[in-house]
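# Overview (structure and organization)
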Amino acid sequence: MSRTALVLGAGMVGVSCALALQKRGFTVTLIDRREPGSETSYGNAGVISRSSIVPLNNPSLWQSLPAYLRNDHAAIRYRLGHLLRNPGWILRFLAEARPSRLAPRIAALDSLTSHALPMHKQWMAEAGVSQRLRETGWLKLWRSEAGPEKAKAEQLWFEDHSVRSEPLDRQALSGLEPDLNPIFTAGLWHKDSASVDWPQAVVAAYAAMFAARGGRIVQAVVAGLSATPSGWKADTEAGPFNAAIAVIAFGPWSADFLKPLGLDVPLNVERGYHRHYRAEDGRKLGRPLHDVEASYMLAPMERGYRLTSGVELAHRDAPSNHAQIDQVLPSAREAFALGEQVETTTWRGARPTLPDSLPMIGEAPRKPGLWLAFGNQHIGFSTGPVTGEILAALVTGETPPADPAPFSPRRYLK
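Here's a quick rundown of the structure. Every residue gets a number counted from 1 within its own chain, in the order that chain's sequence is written. In keeping with the predicted nature of the model, local features appear solely for residues at pLDDT of at least 70, side-chain atom pairs appear and are counted solely at 80 or more, and the whole-chain, interface and lining totals rest on all residues. To obtain the side-chain values, all non-hydrogen atoms of the structure were used and water was disregarded.

### Topic: the overall build of the protein
Strands are runs of DSSP state E lasting at least 2 residues, helices are runs of H or I lasting at least 4, and numbering of each runs from the N terminus. When you go through the protein residue by residue, the secondary structure sums to 11 helices and 23 strands. Our radius of gyration looks at C-alpha atoms and nothing else; its globule reference is 2.2 Å times the residue count to the power 0.38. Against the globule reference of 22 Å for 414 residues, the protein gives a C-alpha radius of gyration of 21 Å, in line with a compact fold. The buried label goes to any residue with under 20% of its type's maximum accessible area, the exposed label to any with over 50%, and the partly exposed label to all in between, with areas taken from a 1.4 Å probe on protein chains only. Looking at the 414 residues of the protein, the share that counts as buried comes to 59%. Residues are treated as being in contact if the distance between any of their heavy atoms lies within 4.5 Å. Sequence separation of at least 24 residues holds for 77% of the intrachain contacts in the protein that already meet a minimum separation of 6. His residues and chain termini do not enter the charge count, which takes Lys and Arg as positive and Asp and Glu as negative. Every charge is mapped onto a representative atom, which is NZ of Lys, CZ of Arg, CG of Asp or CD of Glu. Computed over 45 positive and 40 negative side-chain charges, the inter-centroid distance for the protein is 5 Å.

### Some points on the side chain of lysine 367
Here lysine 367 lies in the loop between strand 22 (360-363) and strand 23 (370-374). When a carboxyl oxygen of Asp or Glu is within 4 Å of a side-chain nitrogen of Lys or Arg, the pair counts as a salt bridge. No salt bridge is formed by the buried lysine 367. Its closest oppositely charged neighbour is glutamate 363, at 12 Å. From its side chain, lysine 367 meets the backbone oxygen of leucine 261 in a polar contact 3.0 Å long. What lysine 367 contacts, discounting residues up to four positions off in sequence, is Trp232, Leu261 and Leu263. Here a polar contact is taken to be a pair of N or O atoms separated by no more than 3.5 Å, where protein atoms must pair a possible hydrogen donor with a possible acceptor and residues adjacent in sequence count only if both atoms sit in side chains.

### With respect to the packing of aromatic side chains
Each pair of aromatic rings is reported with the distance of its centres and the angle of its planes. To pair, rings of Phe, Tyr and Trp, with the six-membered ring standing in for Trp, must have centres within 6.5 Å; the planes then decide the type, stacked if under 30 degrees apart, edge-to-face if over 60, and tilted in the middle. Summed over the entire model, instances satisfying the criterion amount to seven aromatic pairs. Pairing tryptophan 89 with phenylalanine 93 gives two aromatic rings, centres 4.8 Å apart and planes at 20°, and the pair type is stacked. Of this pair, tryptophan 89 and phenylalanine 93 both sit in helix 4 (residues 87-95), four residues apart, roughly one helical turn. Its relative accessible area of 6% is what places tryptophan 89 among the buried residues. On the basis of relative accessibility, which here comes to 12%, the residue phenylalanine 93 falls in the buried class. Grouped by ring-pair contacts, the aromatic residues Tyr42, Trp198 and Trp347 constitute a single cluster. Stacked on the ring of tryptophan 253, the Lys or Arg arginine 33 has its end atom at 5.0 Å from the ring centre. The rule for a charge over a ring is simple: NZ of Lys or CZ of Arg within 6 Å of the ring centre, and within 35 degrees of the ring normal.

### Quick notes on the sheet that holds strand 11 (residues 222-228)
Paired strands are those between which DSSP finds at least two bridges. Spatial ordering of the open sheet is given by 11-12-13, a layout of three strands whose pairing is antiparallel. Edge positions in the sheet fall to strand 11 and strand 13 (239-243), since each has one partner strand and no second. Ignoring which end each strand starts from, the neighbouring axes of this sheet average 20° apart. Two strands pair when backbone bridges link them, and strand 11 and strand 12 (residues 231-236) are joined in this way by six bridges, in the antiparallel orientation. Paired with valine 222 across the two strands is threonine 236, which belongs to strand 12. The axes are straight lines fitted to the C-alpha atoms, using for helices just the contacting stretch, and the angles between their N-to-C directions are given from 0 to 180°.

### Things to note about the pattern of salt bridges
Taken as a whole and judged by the stated rule, the model has 28 salt bridges. One salt bridge in this structure joins arginine 33 and glutamate 39, with 3.1 Å as the shortest N-O distance. Residues participating in the shared-partner salt-bridge network are Lys23, Arg24, Glu389 and Glu398.

### Some words on unusual backbone geometry
Positioned with a positive phi, asparagine 71 is a non-glycine residue whose angle comes to about 65°. Of note, asparagine 71 is situated in the loop between helix 2 (61-69) and strand 4 (76-78). Residue serine 357 is not a glycine yet carries a positive backbone phi of 65°. Note on placement: serine 357 falls in the loop between strand 21 (347-353) and strand 22. Under the relative-accessibility criterion, serine 357 is labelled buried at 3%.

### Structural notes on the sheet that holds strand 9 (residues 194-196)
Pairing is antiparallel in the open sheet, where three strands are placed in the order 3-9-5. Strand pairing shows two members of the sheet lacking a second neighbour, strand 3 (47-48) and strand 5 (133-134), which therefore form its edges. Pairing of strand 3 with strand 9, which is carried by two bridges, proceeds in the antiparallel orientation. Within the sheet, the bridge partner assigned to valine 47 lies in strand 9 and is serine 195.

Here it is as structure tokens:
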């Protein structure tokens, strides 16, 4: 087999796959309609999270479901028509919330997030953007009187999973973040995590490193993918591109390219929104925070403070609905002195999600040379590099940095 590869999709996962294959001697062409990091990878909170090892569809979801079904909660909104058109995915997603399904998925996510920060630190140093990294962790915050008890319980649980965190009372919170308004009863400081001040810039720096090492980046719309006698061909508006192997890393668009090949992937999306605000009176935060009861994240960024919304279950391309982010803005202003909005627009993106909340990493069944890397859900920015390393190791027959079995495409594709 010739060591040539097409990687379709230039988000964090796609760029990471391109770099990992290039490191193993492949000549790689990276193709996307937009510049690297301009879609889903653009809109996250910038957290490189060691502690994101509990899937959203865990057993506690059942307790929250009645509140979510009212469809007015800031954490989750849905469009009924979208759910009715995707009953199979919804039922599978809920079935994964059974207690018996939790431990293996936690172990699988742990195997990814344990590599996240070390790999990013290495790649950021190589790409010359280490100054964008803050090794200050992130904060989970509670407003209710039950906060201290919940923070301590979570700290003990994470300790059992070798993840460092520290419960903080009101006084300790004020000492760590003096410009945070004193409305929280407790916090949990996730100390093994880090964050960046502009996620797209990090993806772009990794892509520039890939190009500097001889990789080819093509900005063009991909019309389709097809098998050839010698591998795979991508038809694009810039012409056809051929290689021995192809990697689908198109995030929420991945299923669109697989269905014509006879591969029906149960991929759905969790949409989200963000806006940037200036801080008033020179106030600052040293790390991202998650306000649990108010259901938002607030992260210090290069262009202001990024306020992110909860999950919206809707079609990937449906018109925007700003109800959730409008709903959380007053709560965010209670917590921190946010001033004017920096831009006039609200960003919207879609996180690719499979029913078990685990990514798909591996070779497609019945399609030799077609490799899949998508479905990283909320942690694609964190776990992009390890996803790329797992995929490239599988391609070359090396031992991957994490057990690939939980992420096998064969769990959904036959």
